[in-house]
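The chain contents come next:
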Amino acid sequence: MNATLCWRCLRAVIVREGLRFVHQRERFFAALVRPLVWLAIFAVGFRAVLGLSIIPPYETYILYEDYVTPGLVAMIQLFNGMQSSLSMVYDREMGSMKTLLVSPLPRWYLLVCKLLAGVLVSIAQVYVFLAIAWFWGVQPPEPGYLAVLPALVLSGLMLGALGLLLSSFIRQLENFAGVMNFVIFPMFFASSALYPLWRIREGSPTLAWIAGINPFTQAVELIRFALYLQFNGTAFLAVTACLALFLGGAILAYDPGRGFWARRGGPAEQG
Amino acid sequence: MSLTGGAARIGALALLGFAVAQPAQADTIFVSNEKSNTVSVVDGGKLQVVATIKVGRRPRGITFNEDMTQIFVCVGDDNRIDVIDVATQKVVDRLPSGPDPELFVLDPQGHRLYVANEDDNMVSVVDIATKKIIGEIQVGVEPEGMGVSPDGKILVNTSETTNMAHFIDTESHKIVDNVLVDARPRVAQFTGDGRFVWVSSEVGGTVSVIDAASRKLVHKISFAVQGVPRESIQPVGIQLTSDGQRAFVALGPANRVAEIDARTYEVKRYHLVGQRVWNLALSPDEKRLYTTNGVSNDMSVMDLERGRVVKSISVGGAPWGVIVKP
């Protein structure tokens, strides 16, 4: 594995992901409109939901818009991670994945490149969203915009790795609807993205427990704390551990010799 | 702030490892807690309660003496004014006040306190040196708000039930004029140049700006907060910046402080603070605004340079009045 080759490969994957993103305007707008709809419509009806308590990392009373923004940032990354996995399935169906797979570089490296490219795209989306949210009145402390960057990288990698792992199980593009139903929605709704855990606990302690162990909740909290210049150690460890787990699983699953592919008869028969 | 300046600032902060220290603020804030019969002492730098002073029952109105070495607190249920020594943070003396004192104001010369006696429709004039009531002025029903002109010649008292601002000559102790305002006037505040008096009407939901010379209503400010019912908007505390540019009005159960352009009377923004925000105090450098939030038992701190509420701090039960020492 030489460095030039590695770099060339990483750049190629990133450029391809970037091009795909730029060329698909609808995708860009969809990625932006989704959280903005939540912010502009959903949040209005819930303005007073949080009026009564101050929870870390906040130090004073906040409007619901402020609360939900980190959750929507994580939602952008969740969708992006899943969309990235969708593109893997697409590439596989269309055969363009073979171009990548003939590369002499190890399979795990190709996956990490793919993952990084997806994370970069998601971070670009997040900052555009945060800029619009600023005009909407969601104005975290200015240094928070920088402090949130490492959190975004970590949570983006974790959610992207989850997408990769899932993509290894999906044989056809059509199955992506299943991912929506069984992964994105439950992860998003059973989390602290929309309501704080104490509020969920009032309704259902079981749901609160599920939300507490949901990796997405940990990503949301990591982002939320970072945006307000605080470090959430628990969330950091949880997100890192999930990243290791999901990425390890994805590498294993995509390994032509050992993974699920091998058991299913190998990638060659998929195309 | 230019874009590059902003980027440079963010970059510099990043280099500091986000150790974004609050600018050192030497303010000491004193908050009277109506239900816990205490005065909380809050360090303006650390933004923490550093001491709690026991006072008489139902402390509400709170003000400094002229050189800020003492604090006077109306303790309504004990029908007197407690005197706190700022250095030792202990009650060292008491002054007479007339029955049920709620709110008072120190005359600009620092000799007298004008006290609103809520129960007997009276304003008592207390001489601080002799500790004696030297005059009583009959006013409307349930007197509350007290404001004194910068030259000390005119006292404005508002009566909650009569819905009037009474203009009183401080020499003769006679009412010279009455101005009708909206229902339940709570606070009266002179502008720094003494030309206008701002009066908040809690039930009416407005702030009346009265010309101090002609005693005519100049403007009436109304409020509307998205998602907050009209009847929850109850203006109480008023603070005006010394440059006459900005005004802040506490809106009670609307849990908001309105920021107003004091020249155009236009409401610029509403800032979310704790529940039932009652009274306000500007820091002496006017970089911060402190609020008392009576229902959530805390105070909120607003950074006026950045235009946002930075912290809410738990104090005692039903915080009511607030004053700031540099």
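Residues numbered from 1 in each chain as written. Chains lettered and ligands numbered in written order. Predicted model: local features only at pLDDT ≥ 70, side-chain atom pairs only at ≥ 80, totals over all residues.

A. Focus on the sheet that holds strand E14 (residues 164–169) of chain B. Residue and element names in this part refer to chain B. Taken in spatial order, the four strands make up an open sheet running E12-E13-E14-E15, and their pairing is antiparallel. Looking along the sheet, the strands with just one partner apiece sit at the ends: strand E12 (143–148) and strand E15 (174–180). Shown here is a sheet whose adjacent strand axes are inclined to one another by a mean of 25°, direction ignored. As defined by bridge partners, E12 adjoins strand E13 (residues 154–159) across four bridges and the pair is classed as antiparallel. Residue Met-146 lies in a different strand from E13, and its bridge partner there is Asn-157. (Pairing = 2+ DSSP bridges. Helix = DSSP H or I, 4+ residues; strand = E, 2+ residues; numbered from the N terminus. Axes fitted to C-alpha atoms, helices over the stretch in contact; angles between N-to-C directions.)

B. The pairing of strand E5 (residues 70–75) of chain B, seen in detail. Residue and element names in this part refer to chain B. Most of E5 sits out of view: five of its six residues are buried. Two successive antiparallel strands, strand E4 (residues 59–64) and E5, enclose a turn made up of five residues, where Met-68 displays a positive phi of approximately 60°. For E5 and strand E6 (residues 80–85), the ladder comprises six bridges, and the chain directions are antiparallel. Across the sheet, the residue bridging to Phe-72 is Val-83, located in E6. (Buried ≥ 20, exposed ≤ 12 C-beta atoms within 10 Å, placed from the backbone.)

C. Summary view of the sheet that holds strand E16 (residues 185–190) of chain B. Residues and elements named next belong to chain B. Strands sit in the order E16-E17-E18-E19 across an open sheet of four strands; the sheet is antiparallel. What marks the edges here is a single partner per strand, and that holds for E16 and strand E19 (217–222). Averaged over neighbouring strand pairs, the angle between their axes works out to 20° when direction is ignored. In terms of strand pairing, strand E17 (residues 196–201) meets strand E18 (residues 206–211) through six bridges, oriented antiparallel. If you follow Phe-196 over to E18, its bridge partner there is Asp-211.

D. Structural view of helix H2 (residues 25–45) of chain A. Spanning 21 residues, H2(A) covers 30 Å between terminal C-alpha atoms, matching the ideal 30 Å at 1.5 Å per step. Maximum bend of H2(A): about 25°, positioned at A:Leu39. (Expected span 1.5 Å × (residues − 1). Bend = angle between axes of the 7 residues up to and from the residue.)

E. Molecular detail of the packing of helix H10 (residues 215–227) of chain A against helix H11 (residues 233–254) of chain A. Residues and elements named next belong to chain A. Running from N to C, H10 and H11 point in directions that differ by 130°, and their axes come no closer than 8 Å. The angle between H10 and H11 places the two elements in the oblique class. When the axes of H10 and H11 are compared, the crossing they make is left-handed. Facing H10, whose interface residues are Pro-215, Gln-218, Ala-219, Glu-221, Leu-222 and Phe-225, H11 presents Ala-235, Phe-236, Ala-238, Val-239 and Cys-242. For the contact of H10 with H11, the per-class residue count stands at nine nonpolar, one polar and one charged. (Parallel < 35°, antiparallel > 145°, perpendicular 65-115°, else oblique. Left-handed = near helix turned anticlockwise from the far one by under 90°. Contact = placed C-beta atoms within 7 Å. Nonpolar A, V, L, I, M, F, W, Y, C, P; charged D, E, K, R; others polar.)

F. Local environment of unusual backbone geometry. A cis amide bond links A:Pro56 with the next residue in sequence, A:Pro57, at an omega value of 5°. With respect to the element layout, A:Pro57 can be found in the loop between H2 and helix H3 (64–94). Located in the positive-phi region is B:Arg58, a residue other than glycine, with phi close to 60°. Relative to the helices and strands, B:Arg58 resides in the loop between strand E3 (48–54) and E4. The class of B:Arg58 is buried, set by 20 C-beta atoms lying within 10 Å.

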